[in-house]
Amino acid sequence: MKSIHVLDSHTGGEPTRLVLAGGPDLGTGPLTERVARFRRHFDAYRSAIVNEPRGSDTVVGALLVPPHRAGCDLGVIYFNNVGPLGMCGHGTIGLVASLAHLGRLPPGQVTIDTSVGAVSATLHNNGAVSVDNVPSWRQAHAVTLQVPGHGDVRGDVAWGGNWFFLVETHPFRLELAALEALTDFTWRVRQSANTQGFPEVDHVELFGPPAQPGADSRNFVLCPGKAYDRSPCGTGTSAKLACLAANGTLPAGAPWIQESVIGSRFSAHFRWHDQTKGQVIPTITGTAHVCAESTLLLDERDPFCWGIPP
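What counts, and at which threshold
Residues take numbers from 1 onward in each chain, read along the sequence in its written order. Local features in a predicted model are, by the rule used here, given only for residues with pLDDT of at least 70; side-chain atom pairs are given and counted only at 80 or more, and totals for whole chains, interfaces and linings are based on all residues. Processing note: side-chain calculations cover all non-hydrogen atoms of the structure and skip hydrogens and water entirely. Each helix is a run of H or I in the DSSP string that is no shorter than four residues. Each strand is a run of E no shorter than two, and both are numbered from the N terminus. Take the residue count of a helix, subtract one, and multiply by 1.5 Å to get its expected span. Classification of residues uses two cut-offs on accessible area relative to the type maximum, computed with a 1.4 Å probe and protein chains only: under 20% is buried, over 50% is exposed, and between them is partly exposed. Here a residue-residue contact requires only that any non-hydrogen atoms of the pair lie within 4.5 Å. Centre distance within 6.5 Å is the pairing criterion for rings of Phe, Tyr and Trp, where only the six-membered ring of Trp is used; planes under 30 degrees apart are then read as stacked, over 60 as edge-to-face, and the remainder as tilted. Look at NZ for Lys and CZ for Arg. If either is within 6 Å of the ring centre and within 35 degrees of the ring normal, a charge sits over the ring. All axes here are fitted lines through C-alpha atoms, helices being fitted over the stretch that makes contact, and every angle between N-to-C directions spans 0 to 180 degrees. Just so you know how the angles are binned, under 35 degrees is roughly parallel, over 145 roughly antiparallel, 65 to 115 roughly perpendicular, and the rest oblique. Each residue is assigned to one of three groups, with Ala, Val, Leu, Ile, Met, Phe, Trp, Tyr, Cys and Pro labelled nonpolar, Asp, Glu, Lys and Arg labelled charged, and all others, Gly among them, labelled polar.

(A) Spatial organisation of helix H4 (residues 179-195). Its 17 residues give H4 an end-to-end C-alpha distance of 24 Å, which sits within 8% of 24 Å, the value for a rise of 1.5 Å per residue. Every buried residue of H4 is listed here: Leu 182, Thr 183, Phe 185, Thr 186, Val 189, Arg 190, Ser 192 and Ala 193. Elements that come into contact with the buried residues of H4 comprise strand E9 (137-147), strand E10 (151-159), strand E11 (163-167), strand E12 (203-208) and strand E13 (217-222). Looking one or two residues beyond H4, the residue adopting positive phi is Gly 197, at roughly 110°.

(B) Looking closely at the packing of aromatic side chains. Scanning all chains against the criterion turns up nine aromatic pairs. Measuring from centroid to centroid gives 5.3 Å for Trp 159 and Trp 163, while their planes differ by 55°, and the two rings are tilted. Here Trp 159 falls in the buried class, since its relative accessible area comes to 13%. Overall, the relative accessible area of 15% leaves Trp 163 in the buried class. Aromatic pair Phe 172 and Phe 185: ring centres 4.9 Å apart, planes at 45°, arrangement tilted. Of this pair, Phe 172 sits in the loop between E11 and H4 while Phe 185 is found in helix H4, placing the two residues 13 residues apart along the sequence. Its relative accessible area of 19% is what places Phe 172 among the buried residues. Linked through ring pairs, Phe 42, Tyr 45 and Trp 306 together constitute an aromatic cluster. Between the NZ or CZ atom of Arg 230 and the centre of the ring of Tyr 228, over which it lies, the distance is 3.8 Å.

(C) Structural detail: the packing of helix H1 (residues 31-41) against helix H2 (residues 43-50). It is at 5 Å that the axes of H1 and H2 come closest, and there the two elements cross at 80°. Compared by their axis directions, H1 and H2 come out roughly perpendicular. Along the contact surface, H1 presents Phe 38, Arg 39 and His 41, while H2 presents Asp 43, Tyr 45 and Arg 46. Of the residues contributing to the contact of H1 with H2, the split by class is two nonpolar, one polar and three charged.

Now the structure itself:
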């Protein structure tokens, strides 16, 4: 019987499952190569860790690995119910908070190797975590998609560590009472984006007015495996900042408060990385809470030992 030691946290309501021991040995080399090895040879581990019956569609896994890039203190591979992810903002906040909980990380800065680049994170004395993400940018502006059942839908395509289609104008209220309709609409938008010139898009983000004072915007984010993000989404907020920077509507250093569909918040700002290319470095700040420590048992006599695919 195999065992996997994990520590669970949530960041603004969105869970992260940190694999501390018992995960697959992916060897050495760049994280892009190890992610490919993980996908090709060890996908059953991914499913066993995050899918039912041990997990759920919302769980994001974080596999600690030795870093490859010079200057990085640790490496991490993120994954969800359908496969590996590039960056994960809420997951990085959860990772840092979890390592702090274990006494492995004091307040201060840590540099983390991911498959899409190095990011730095700062653990503050009050427990909050700020993540300086990978360079983010808007790839396409005011793209019109033909979405079945909804006609023309216009939005931007942007990179924030994952690829997003961001929509401002839509007929929906961003609240949990509309969850079924929001999920159906954003799933159709993603499929339309994939077939109409943007096959790389795997997240869809809707925006609307905030529900509480002090926030700038409320969002609903559909993740690659069709689960919605309970947090305001770190890579989605990064993509949003890239679009605001490209529009010239948010200056460098100015604060942006992003509210999730359940009311949790990230505070954010950006600095220019390469203004001529429209690339920014977003900084996302949030708080994670450790909520469970457990050992997952993998008994191959169990017909669902390696998880139930979504």
